[in-house]
Amino acid sequence: MSIKPKLLIVEDEPMILMGLTDLFVFHGYQVESESDGKKGLARGLDEQYACIILDVMLPSLNGFEICNTLRQHSRTQAIMMLTAKNSEEDIINGLTLGADDYVAKPFSTSELVLRVNALVRRSGWTGTDNTLILSDEVSLCTRTLTGSSYQQETKYTRREVEILGYLHSQNKPVSRDELLKEVWGYKTTSDIDTRTVDIHIAKIRKKIETSPKTPKHLVTHRGEGYQLYVI
């Protein structure tokens, strides 16, 4: 069943929190929020969100402490930090502690939505219950990065799940350039070695195909790209 991606926003300024909540609800998200650091951390540890948006300055527990604890608890949880304007120290600290991205205050709301959308997509969110089923014998959980393939437990990297999630959402052949832009996040691919895509595809095929050289799920269409098939 299709469900809305759920965000957790931890922000102590009431007007900003209200504005962000309205903004993301308008853009199709289910939003939960907290204005206190400890309560925000408790919520973040209690369940998996499509993305957690953390302000740095919070009562009782700051955003850096929350981020550090969340990352120790889950390596897959997507985390966006809201940092002070032009504070390089805040940015470096947040990324070092495990944040996936940051936006500096004051920020453009359109940029924030685009950045969160990209982060949610790259995290492997599929718009379902976090389970991607390719056949009766191949399935994986985009939250835990684990799955079952022909009665064998299989572990995936975040990037592998991002690739599978994006291909699954497209339902058509996807070129290497498109994957590099949409999954890797490159703005231009003219100077990028596209073999990195082929290497990841080869690794995925070893995990989801009975015969990687004659794939049934992850198929190459010459001149068009890769397409993921559910059998």
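Residues numbered from 1 in each chain as written. Predicted model: local features only at pLDDT ≥ 70, side-chain atom pairs only at ≥ 80, totals over all residues. Heavy atoms only, no water.

What follows covers the overall build of the chain. Each helix and strand in the chain was counted, giving eight helices and eleven strands. Rg of the C-alpha trace for the chain: 19 Å, near the compact-globule value of 17 Å for 231 residues, within the 12% margin. The principal-axis extent of the C-alpha atoms belonging to the chain is close to 55 × 40 × 30 Å. For the chain, the residues scored as buried account for 45% of the 231 residues in total. (Helix = DSSP H or I, 4+ residues; strand = E, 2+ residues; numbered from the N terminus. Rg over C-alpha atoms; globule rule 2.2 N^0.38 Å. Buried < 20%, exposed > 50% of the residue type's maximum accessible area, 1.4 Å probe, protein only.)

So, on to unusual backbone geometry. Backbone torsion omega between Lys-105 and Pro-106 reads -10°, so that peptide bond is classified as cis. In this structure, Tyr-150 is a non-glycine residue whose phi angle is positive, near 55°. Backbone geometry places Gln-151, a non-glycine residue, at a positive phi of 70°. Examined against the element boundaries, Gln-151 turns out to sit in the loop between β8 (146–149) and β9 (152–155).

In a beta sheet, neighbouring strands are held together by backbone hydrogen bonds and run either parallel or antiparallel to one another. On the basis of which strands lie adjacent, the open sheet formed by four strands has the order β6-β7-β8-β9 and antiparallel pairing. What marks the edges here is a single partner per strand, and that holds for β6 (131–133) and β9. Each neighbouring strand pair of the sheet contributes to a mean axis angle of 20°, computed without reference to strand direction. In the sheet, β8 pairs with β9 via four bridges, with the strands oriented antiparallel. Residue Ser-149 lies in a different strand from β9, and its bridge partner there is Gln-152. (Pairing = 2+ DSSP bridges. Axes fitted to C-alpha atoms, helices over the stretch in contact; angles between N-to-C directions.)

Looking now at helix α6 (residues 158–170). For α6, spanning 13 residues, the distance from its first C-alpha to its last is 19 Å, which sits close to the expected 18 Å at 1.5 Å a residue. Listed in full, the buried residues belonging to α6 are Glu-160, Val-161, Glu-162, Ile-163, Leu-164, Gly-165, Tyr-166 and Leu-167. (Expected span 1.5 Å × (residues − 1).)

A word on the pairing of strand β5 (residues 101–104). Going residue by residue along β5, you find Asp-101 and Val-103 tucked away on one face and Tyr-102 and Ala-104 left uncovered on the opposite face. Examined bridge by bridge, strand β4 (residues 79–83) and β5 share four bridges and lie parallel to one another. From the neighbouring strand, Met-80 faces β5, where its bridge partner is Asp-101.

Here the focus is the environment of Val-10. Assignment of secondary structure puts Val-10 in strand β1 (residues 6–10). We classify Val-10 as buried; its relative accessible area is 1%. Contact partners of Val-10, with chain neighbours within four places excluded, come to Glu-34, Asp-36, Gly-40, Ile-53, Leu-54, Asp-55, Leu-58 and Ile-66. (Contact = heavy atoms within 4.5 Å.)

Once that is clear, we can look at the packing of aromatic side chains. With the rule as written, the count across this model stands at one aromatic pair. Where Phe-24 meets Tyr-29, the ring centres are 5.6 Å apart and the plane angle is 85°; that geometry is what we call edge-to-face. For the pair shown, Phe-24 and Tyr-29 are each scored as buried. (Phe/Tyr/Trp six-rings, centres within 6.5 Å; stacked < 30°, edge-to-face > 60°.)

Let us now look at the confidence of the model for the chain. Caution is warranted with low-pLDDT regions, since their predicted coordinates should not be read in detail. Overall, the predicted model of the chain reaches an average pLDDT of 87, with 95% of residues at or above 70. Model confidence for the chain, summarised as mean pLDDT per element, is weakest for helix α4 (residues 88–96) at 80 and strongest for strand β10 (residues 218–221) at 96. (pLDDT = per-residue confidence, 0-100.)

Reading across from one edge, β2-β1-β3-β4-β5 is the order of the five strands in this open sheet, with parallel pairing throughout. Looking at which strands have only one partner, the edges of the open sheet turn out to be β2 (30–34) and β5. Put simply, the sheet's adjacent strands are angled 20° from each other on average, direction ignored. Strand direction decides the pairing type here: β1 and strand β3 (residues 51–55), joined by four bridges, are parallel. Within the sheet, the bridge partner assigned to Val-10 lies in β3 and is Leu-54.

The subject of this paragraph is the environment of Glu-34. Looking at the element boundaries, Glu-34 is found in strand β2. The exposure class assigned to Glu-34 is buried, which follows from its relative accessible area of 15%. For the pair Glu-34 and Leu-8, spaced 26 residues apart in the sequence, the C-alpha separation amounts to 7.8 Å. When residues no more than four places from it in sequence are discounted, the contact partners of Glu-34 are Ile-9, Val-10, Glu-11, Leu-17, Lys-39, Gly-40 and Arg-43. Side chain to side chain, Glu-34 and Arg-43 meet in a polar contact 2.9 Å long. (Polar contact = N/O pair within 3.5 Å; in protein donor to acceptor, adjacent residues only side chain to side chain.)

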